[in-house]
Amino acid sequence: MSHSTVPRGRAQAKTQTKDGADPSTDPPGAGPVTSAKSGSGKPGKSGKGDGLSGKVGLRIRLRRDRTLILMTVPAILLILVFNYIPVFGNVVAFQDYDPYLSDNGFVAMLQSPWVGFEQFDRVFADSEFWHAVQNTFVLFFLQLVLFFPIPILLALLINSVLRPRVRAMAQAIMYLPHFFSWVLVVTVFQQIFGGAGIIAQTLADHGSTGFDLMTDPESFKYLVTLQSVWKDAGWGIIVFLAALSSVSNDLYEAAAMDGANRWRRMWHITLPALRPVIALLLVLRVGDALTVGFEQLLLQRQAVGPDASEVLDTYVWWNGIRNQDFSYAAAAGLIKGIVGLTLVLVANKVAHLMGEQGVYKK
């Protein structure tokens, strides 16, 4: 019969925890307190924010996030006033709206006669509407093919720069035109590509005449795309650089040690990291396909004519504001909104099929 030679008091001292608690006094089968409570799956008495059940009550979350909620209230009010409340005005698309029936626009809306889908029949029968649709999609595809990849390429180029000061300076210079208004952008391009611009004057000094890109209807769609690239490429660079900042340098070092060159590292590490952001921005870009720059095109409408510059936004503005045919313009705008929503849903479904989240989850 063998007995332990270690005294009972010394054995108990070795099994005590750091705070002096004696585990031998626990009942048989009892584990740590935290594991017993969390493993049972039963929350505390309140069940709200006890730290064990993993659930936080609505009242606790409102108290915790009240500062952030107060910061978002002005933005929510602006969205409600300028985006959601005007949606109710689409009812005039089914009316023969006459704003002169009353001094109050809402009362005039109630007193205007209903005509059903008559305004939509007028829109679909108008050849100018289909011409505006054609110009809109032509500009959209040009900007999608020529403009969308440029921020990605510039972000990759800036990210490859080793000196942080040079990288920050290049990023600031490219982002600066984003803050310019379209009036200033068109003016800058007029001073460069116009009939009295720098290029025309330089060619005139060498005996050449007749250069005026700003009034050429044939090249207008490329000019508009170039203006969009110069103005908004910097914003896309910021987005893609933010995505690249989350990529660990250990991946690049491991790939370099395995023999991957610069192009292989970009193809297998950088581009997969950008893929979710590219999918999200592509979905948003497709949803914004029918909005290709109202102010930009309206400023140059007189120079190139409506045949080259008329898009859906300018078409709605011209018929609704200039011609004061409010019901007809509302019908055209409602068609544009429905088609845009459909494009967002289709593009987001394609993103889900590709394994990306898109705008919202499945």
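Refer to the structure presented above.
Residues numbered from 1 in each chain as written. Predicted model: local features only at pLDDT ≥ 70, side-chain atom pairs only at ≥ 80, totals over all residues. Heavy atoms only, no water.

(A) Layout of the overall build of the protein chain. Within the protein chain one finds 19 helices and zero strands. Here the protein chain holds 362 residues, and the buried ones make up 28% of them. In the protein chain, the proportion of contacts linking residues at least 24 apart, taken out of those at least 6 apart, comes to 61%. Counting every atom, the protein chain has about 23900 Å² of accessible surface; 64% of that belongs to carbon and sulfur. (Helix = DSSP H or I, 4+ residues; strand = E, 2+ residues; numbered from the N terminus. Buried < 20%, exposed > 50% of the residue type's maximum accessible area, 1.4 Å probe, protein only. Contact = heavy atoms within 4.5 Å. Areas by Shrake-Rupley, 256 points an atom, 1.4 Å probe, with all protein chains shown as cover.)

(B) A look at the nonpolar core. Counting 19 residues, the largest nonpolar core has Ala93, Phe120, Val123, Phe129, Leu312 and Tyr315 as its most contacted members. Elements represented by at least two residues in this core include exactly helix 5 (105-111), helix 6 (118-125), helix 7 (127-147), helix 18 (312-322) and helix 19 (326-353). Setting aside chain neighbours within four positions, we find Tyr315 in contact with Asp126, Glu128, Phe129, Ala132, Glu310, Tyr328 and Ala332. Listed in part, the 14 residues of the second largest apolar core include Phe140, Val292, Ala308 and Ala347. (Core = buried A, V, L, I, M, F, W, Y, C linked by side-chain atoms within 4.5 Å.)

(C) Seen up close, the environment of Trp130. Its place among the elements puts Trp130 in helix 7. C-alpha separation for the pair Trp130 and Val311, spaced 181 residues apart in sequence, amounts to 9.5 Å. Every residue in contact with Trp130, bar those within four places of it in the chain, is listed here: Val123 and Phe124. Of the polar contacts made by the side chain of Trp130, one reaches the backbone oxygen of Phe124; its length is 2.8 Å. (Polar contact = N/O pair within 3.5 Å; in protein donor to acceptor, adjacent residues only side chain to side chain.)

(D) Broad picture of unusual backbone geometry. Positive phi is not limited to glycine here, since Gln324 has a value of about 55 degrees. By relative accessible area, which is 45% here, Gln324 ends up partly exposed.

(E) Main features of the pattern of salt bridges. In the structure shown here, the tally under the stated rule is five salt bridges. A salt bridge links Asp313 to Lys336; the shortest N-O distance between them is 2.4 Å. Note that Asp313 is positioned in helix 18 and Lys336 in helix 19, a separation of 23 residues in sequence. (Salt bridge = Lys/Arg side-chain N within 4 Å of Asp/Glu carboxyl O.)

(F) Representation of the packing of aromatic side chains. Counted under the stated rule, the structure contains 17 aromatic pairs. Taken together, the ring pairs connect Phe124, Phe129, Trp130, Tyr315 and Tyr328 into an aromatic cluster. Over the aromatic face of Trp182 sits the side chain of Lys231, whose NZ or CZ is 5.2 Å from the ring centroid. Its guanidinium or amino end placed over the ring of Trp318, Arg322 lies 4.5 Å from that ring's centre, counting from NZ or CZ. (Phe/Tyr/Trp six-rings, centres within 6.5 Å; stacked < 30°, edge-to-face > 60°. Lys NZ or Arg CZ within 6 Å of the ring centre and 35° of its normal.)

(G) A look at the packing of helix 12 (residues 220-244) against helix 14 (residues 262-287). In contact at an axis separation of 9 Å, helix 12 and helix 14 are set at 135 degrees when each is read in the N-to-C sense. As judged from the angle between their axes, helix 12 and helix 14 are oblique. Every pair of crossing elements has a handedness; the one defined by helix 12 and helix 14 is right-handed. In contact with Trp235, Val239, Phe240, Ala243 and Leu244 of helix 12, helix 14 contributes Thr270, Leu274, Val277, Ile278 and Leu281. For the contact of helix 12 with helix 14, the class distribution of residues is nine nonpolar, one polar and no charged. (Axes fitted to C-alpha atoms, helices over the stretch in contact; angles between N-to-C directions. Parallel < 35°, antiparallel > 145°, perpendicular 65-115°, else oblique. Left-handed = near helix turned anticlockwise from the far one by under 90°. Nonpolar A, V, L, I, M, F, W, Y, C, P; charged D, E, K, R; others polar.)

(H) Highlighting the side chain of Thr225. On the secondary structure map, Thr225 appears in helix 12. Note on Thr225: relative accessible area 3%, which makes it buried. Setting aside anything within four residues of it in sequence, one finds Thr225 in contact with Leu142, Gln143, Leu146 and Phe147.

(I) Summary view of helix 6. Restricting attention to buried positions, one finds in helix 6 the residues Gln119, Phe120 and Val123. For helix 6, the angular spread of buried residues about the axis comes to 100 degrees, placing them on one side. Every exposed residue of helix 6 that faces more than 90 degrees away from the buried side is listed here: Asp121 and Ala125. Tucked into the core, helix 6 has its buried residues touching helix 7 and helix 19. (Arc of directions from axis to C-beta.)

(J) Region of interest: the packing of helix 6 against helix 7. Packing of helix 6 against helix 7 leaves a shortest axis separation of 5 Å and a crossing angle of 65 degrees. Classed by the angle they form, the pair helix 6 and helix 7 counts as roughly perpendicular. Contact with helix 6, carried on its side by Val123, Phe124 and Ala125, involves Ser127, Phe129 and Trp130 of helix 7 and no other residues of that element. Broken down by class, the residue content of the contact of helix 6 with helix 7 amounts to five nonpolar, one polar and no charged.

(K) Layout of helix 19. Given a rise of 1.5 Å per residue, 28 residues ought to cover 40 Å, and the 41 Å separating the end C-alpha atoms of helix 19 matches this to within 8%. Taken from the residues just after helix 19, Gly355 is the one with a positive phi, measuring 90 degrees. (Expected span 1.5 Å × (residues − 1).)

(L) Structural view of the environment of Asp126. Inspection of the secondary structure puts Asp126 in the loop between helix 6 and helix 7. Judged by its relative accessible area of 19%, Asp126 is buried. Apart from residues lying up to four places away in sequence, Asp126 is in contact with Tyr315 and Tyr328.

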